[in-house]
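Take a look at the letters that make up each chain.
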Amino acid sequence: RKLNEIPQSVIASTLQGVAFPLLNKFDDLKRKKRIFRKIVRVVSFVCFPIAIFTIIAAEPIVLIVLQEKFRGVIPLLRILVVGGSVFPLLYILSSLLQSLGKSGLLLTIEFIRNVRSVLVILITVNYGVNAVVMGASFVLILSFVICYYITGKCIDYTLTEVFKDIYPYIVIAL
């Protein structure tokens, strides 16, 4: 899982360092929403191509970085990258919630996401590594949808708008 998160977490933490001060600068919710949508687009523009590249180049990446004996992790890496592609988008939500003064909501969202992750692991562990990996990816994507739905209510950012913002960059990456 860590190999999957390296590029995404570096990008996400860098953008979060920029996003919070930028979002915190304005009190007007409409302006905050406009800025956040731009941040979502920038993150999507960067992260989805990296995710697609990682899926396509998983074999040479694993063989170079981890060597031949780890060839079996290639399909697992590809599955994790699918879920991990939304990780930076989840990460920047914390900047938005903090700028809105909603740290309690952020804590609740993260707690529920972690409980979901543990439950999925407990449920899928009896079905093997592939099931655990698919479950982890599923939890990230589900968390993305749920978190953007909940947080979107704070700034009137609908899931339709979220998908309109990220969809072009998914298509471009393909």
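On a predicted model such as this, the values are computed, not experimentally measured, just so you know. (Residues numbered from 1 in each chain as written. Predicted model: local features only at pLDDT ≥ 70, side-chain atom pairs only at ≥ 80, totals over all residues. Heavy atoms only, no water.)

So, the overall build of the protein chain
Put simply, the rule reads: To qualify as a helix, a DSSP run of H or I must reach at least 4 residues; to qualify as a strand, a run of E must reach at least 2; elements of each kind are numbered from the N terminus. Both definitions apply: the radius of gyration is a C-alpha atom measure, and the globule rule equals 2.2 Å times residues to the power 0.38. The buried label goes to any residue with under 20% of its type's maximum accessible area, the exposed label to any with over 50%, and the partly exposed label to all in between, with areas taken from a 1.4 Å probe on protein chains only. Using a 1.4 Å probe, the Shrake-Rupley method yields the accessible areas, and only the shown protein chains count as cover for residues. Here the positive residues are Lys and Arg and the negative ones are Asp and Glu; neither His nor the chain ends is included. For this purpose, a charge sits on NZ of Lys, CZ of Arg, CG of Asp or CD of Glu.
Tallying secondary structure elements over the protein chain gives eight helices and zero strands in all. For the protein chain, the C-alpha radius of gyration of 17 Å lies close to 16 Å, the compact-globule estimate for 174 residues. Expressed as lengths along the three principal axes of its C-alpha atoms, the size of the protein chain is roughly 55 × 35 × 25 Å. Across the 174 residues in the protein chain, those meeting the buried criterion constitute 42%. Of the roughly 9600 Å² of accessible surface on the protein chain, a fraction of 69% belongs to carbon and sulfur atoms. A distance of 3 Å separates the average location of the 19 positive side-chain charges in the protein chain from that of its 9 negative side-chain charges.

Brief notes about unusual backbone geometry
We note that Q67 has phi near 80 degrees; this positive angle belongs to a residue other than glycine. If you trace the backbone, Q67 turns up in the loop between α3 (58–65) and α4 (74–84). Taking relative accessible area as the criterion, Q67 reaches 52% and is therefore assigned exposed. Unlike most non-glycine residues, D156 shows phi in positive territory, near 60 degrees. Positionally, D156 belongs in the loop between α7 (129–155) and α8 (159–173).

Describing the nonpolar core
To keep things clear, this is the line we draw: Buried Ala, Val, Leu, Ile, Met, Phe, Trp, Tyr and Cys residues form a nonpolar core when they are joined through side-chain atoms within 4.5 Å. A contact between two residues is defined here by any heavy atoms of the two lying within 4.5 Å.
Counting residues in hydrophobic clusters, the biggest one holds 31 residues, and the most contacted among them are F36, V40, L89, I92, F144 and Y148. Among the elements of the structure, α1 (2–24), α2 (29–56), α5 (87–99), α6 (103–124), α7 and α8 are those that each provide at least two residues to this core. Per-element accounting of this core gives the leading share, eight residues, to α2. Those residues in contact with Y148 that lie beyond four places of it in its chain are F36, V40, L89, L90, I92, L93, S143, Y157, L159 and V162. Counting six residues, the second largest nonpolar core, distinct from the first, contains A51, A58, V62 and V81.

Some words on the environment of R41
On the secondary structure map, R41 appears in helix α2. Residues R41 and K30, eleven residues apart in the sequence, show an inter-C-alpha distance of 17 Å. Beyond its immediate sequence surroundings of up to four residues, R41 is in contact with D165 and Y169.

What about the layout of surface pockets?
In plain terms, the rule: Cavity means a closed set of points on a 1 Å grid over the protein atoms alone, one where a 1.4 Å probe fits but cannot get out, pocket means an open set with protein on both sides within 12 Å along at least 5 of 7 lines, and lining means a residue has an atom within 4 Å of a point. Grid points are joined across faces, edges and corners, and a volume is the space filled by probe spheres set on the points. Under the scheme applied, nonpolar residues are Ala, Val, Leu, Ile, Met, Phe, Trp, Tyr, Cys and Pro; charged residues are Asp, Glu, Lys and Arg; polar residues are all the others, including Gly.
Computed from the structure, the second largest pocket encloses a volume of approximately 240 Å³. When contributions to the lining of the second largest pocket are tallied by element, the ones reaching two or more residues are α2, α4, α7 and α8. Among the residues making up the lining of the second largest pocket, the classes are represented as 14 nonpolar, one polar and no charged.

Focus: the packing of aromatic side chains
We count it as follows: Classification of ring pairs rests on two measures: the distance between centres of Phe, Tyr or Trp rings, Trp counted by its six-membered ring, which must be within 6.5 Å, and the angle between planes, read as stacked under 30 degrees, edge-to-face over 60 and tilted in between.
The full count for this structure, using the stated rule, is seven aromatic pairs. With centroids separated by 6.0 Å and ring planes inclined at 90 degrees, the aromatic side chains of F36 and Y157 adopt a geometry described as edge-to-face. Of the two residues, F36 sits in helix α2 while Y157 sits in the loop between α7 and α8, which places them 121 residues apart along the sequence. When its relative accessible area of 3% is taken as the criterion, Y157 is described as buried. Here F144 and Y148 contribute two aromatic rings whose centre-to-centre distance is 4.8 Å and whose plane-to-plane angle is 45 degrees, an arrangement assigned as tilted. Residue F144 and its partner Y148 are both found in helix α7; the two are separated by four residues, about one turn of the helix. With respect to burial, F144 and Y148 carry one shared label: buried. Through successive ring pairs, a cluster of aromatic residues spans F36, F144, Y148, Y157 and F163.

Observations regarding the pattern of salt bridges
Two side chains of opposite charge can pair, provided their charged atoms sit close to one another. Which entries qualify depends on this criterion: For salt bridges, the criterion is a side-chain nitrogen of Lys or Arg within 4 Å of an Asp or Glu carboxyl oxygen.
Counting across every chain of the model gives seven salt bridges. For R71, the salt bridge is made with E68, and the minimal N-O distance between the two is 2.7 Å. Here R71 falls in the partly exposed class, since its relative accessible area comes to 35%. Ionic pairing is found between E110 and R113, a salt bridge with its closest N-O pair at 2.7 Å. Here R113 and E110 lie together in helix α6, a separation of three residues that amounts to about one turn.

Re a nonpolar patch on the surface
Cut-off, in case you're wondering: The patch calculation keeps residues exceeding 30% relative accessible area without a salt bridge and links them within 9 Å when they carry like charges or within 5 Å when they are nonpolar (Val, Leu, Ile, Met, Phe, Trp, Tyr).
Judged by side-chain polarity, F111, I112, V115, V118, L119, L122, I123 and Y127 come together as a nonpolar surface patch covering roughly 840 Å² of accessible area. Relative to the helices and strands, L122 resides in helix α6.

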